[in-house]
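Observations on chain architecture
So the chains spell out like this:
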Amino acid sequence: MDSTTRKQLLELSRAFYEAHAEAFDASRGHQPWPGWTRLLKALPELAPGKPMAQPAPAHPPASPPPPPLRVLDIGCGNARFARFLHDSGYAVEYTGLDANAALLDAARTRLPDHLRESVDLAEHDFLASDRPGAALPEGPYDLVVLMGVLHHVPGADWRRALLEASAARLAPSGTLALAAWQFGGRPRFERRTVAWDSLGPILGSPVDLERLEPGDTLLRFGNVPFAPPRYCHQVAEDEFLGWPEVLGLTAADEYHADGSAGDLNRYWLLRRP
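These numbers were taken from a predicted model, which means no experiment stands behind them.

The biggest cluster of nonpolar side chains holds 32 residues, and the ones touching the most others in it are Leu39, Phe81, Leu85, Tyr94, Leu143 and Met147. No other element matches helix 3 (residues 80-87), which puts 4 residues into this core. When residues no more than four places from it in sequence are discounted, the contact partners of leucine 39 are Phe81, Leu143, Met147, Ala177, Tyr255 and Leu269. Counting residues in each nonpolar core, the second largest holds 29 residues, with Tyr141, Val149, Leu176 and Leu247 among its members.

To continue, consider helix 4 (residues 101-110). Within helix 4 the residues assigned to the buried category are Leu103, Leu104, Ala106 and Ala107. Projected down its long axis, helix 4 carries its buried residues within an arc of 155°, all on one side. Here helix 4 starts with a cap whose side-chain oxygen sits 3.1 Å from the backbone nitrogen of alanine 102, and that cap is asparagine 100.

Under the criterion given, the structure shown has 17 salt bridges. The closest approach of N and O atoms between aspartate 142 and arginine 70, which form a salt bridge, is 2.9 Å. Here arginine 70 lies in strand 1 (residues 69-74) and aspartate 142 lies in strand 4 (residues 141-147), a separation of 72 residues in the sequence. Here glutamate 239 and arginine 159 are joined by a salt bridge, their closest N and O atoms 2.8 Å apart. Here glutamate 239 is found in helix 8 (residues 237-247), whereas its partner arginine 159 is found in helix 5 (residues 156-167), with 80 residues between them in sequence. Both residues of the pair, glutamate 239 and arginine 159, belong to the buried class. It is possible to trace a salt-bridge network through shared partners that takes in Glu11, Arg14 and Asp125.

A residue-level look at the chain finds 87% of positions with pLDDT of 70 or above and a mean pLDDT of 87. Confidence over residues 47-54 falls short of pLDDT 50; this stretch has 10 contacts with residues more than four positions distant or in other chains.

Before going further, it helps to spend a moment on the sheet that holds strand 9 (residues 265-271). Strands sit in the order 3-2-1-4-5-9-8 across an open sheet of 7 strands; the sheet is mixed. Looking at which strands have only one partner, the edges of the open sheet turn out to be strand 3 (119-123) and strand 8 (250-257). In this sheet, neighbouring strand axes are inclined to one another by 15° on average, regardless of whether the strands run parallel or antiparallel. Across 6 bridges, strand 4 lies against strand 5 (residues 170-181) in parallel orientation.

What counts and what doesn't
Residues numbered from 1 in each chain as written. Predicted model: local features only at pLDDT ≥ 70, side-chain atom pairs only at ≥ 80, totals over all residues. Heavy atoms only, no water. Core = buried A, V, L, I, M, F, W, Y, C linked by side-chain atoms within 4.5 Å. Buried < 20%, exposed > 50% of the residue type's maximum accessible area, 1.4 Å probe, protein only. Helix = DSSP H or I, 4+ residues; strand = E, 2+ residues; numbered from the N terminus. Contact = heavy atoms within 4.5 Å. Arc of directions from axis to C-beta. Polar contact = N/O pair within 3.5 Å; in protein donor to acceptor, adjacent residues only side chain to side chain. Salt bridge = Lys/Arg side-chain N within 4 Å of Asp/Glu carboxyl O. pLDDT = per-residue confidence, 0-100. Pairing = 2+ DSSP bridges. Axes fitted to C-alpha atoms, helices over the stretch in contact; angles between N-to-C directions.

So, in structure tokens, the structure goes:
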């Protein structure tokens with residue numbers, strides 16, 4: 001993908017979230033995705049006495065509890081993944097990054113008091129530089145997640161660069177968890193498809209259709225007239241299956257989950273040796 005088209009698609013994503021942040025936050029709710037539960041199997045076992053909601057034992061345990069799980073959530077949105085980990089019994093040191101300030105403000109508003117000291121939310125556009133993810137925090141992290149992010153990254157080369165930067169932040173035996181949205185070929189989303197020639201009033205100039213990748217799509221969100229549509233990419237099978245080798249990681253699990261049919265997201269759980 002050429003730089004001009006990429007910049008147009010990134011600008012469209014920024015315009016979309018600026019226009020829809022409040023409605024997008026409300027539509028996502030604050031319940032965890034079902035696929036996250038299976039992800040827990042790839043994480044370190046909990047110490048005896050967890051989950052944290054249980055009262056402390058009368059006597060201290062014979063061995064110290066495990067250290068907090070160090071988590072980097074790239075594109076964290078309203079940070080419900082942090083709450084999910086806590087409710088699942090994990091003590092966390094959680095860093096959530098997102099380019100949209102309104103979504104981060106919504107996350108901070110709902111963050112329980114007992115999580116505030118262990119959760120750091122920062123406005124950060126990890127696609128702003130010439131190399132995606134170059135300015136991500138160094139870590140290392142036990143868990144790096146990209147949930148519902150990769151479909152907004154224009155170009156296979158940029159998706160790979162972002163994943164390489166994410167994998168570089170893993171601690172030994174750390175896990176990189178990816179969820180790729182599977183919207184292609186579904187009537188529900190085909191009805192929301194928007195023509196590319198409608199972008200002139202939003203971007204100021206038309207997108208060169210010859211520069212797009214197969215799987216690049218525009219989807220309408222909500223029913224607001226003249227609001228920016230959402231740029232989304234359906235990751236191809238060969239690209240998805242090639243990521244473990246490209247990143248030098250071991251595939252710990254691969255599965256579909258979420259949505260009414262249980263297959264709306266495709267997950268890779270990749271572990272650093």
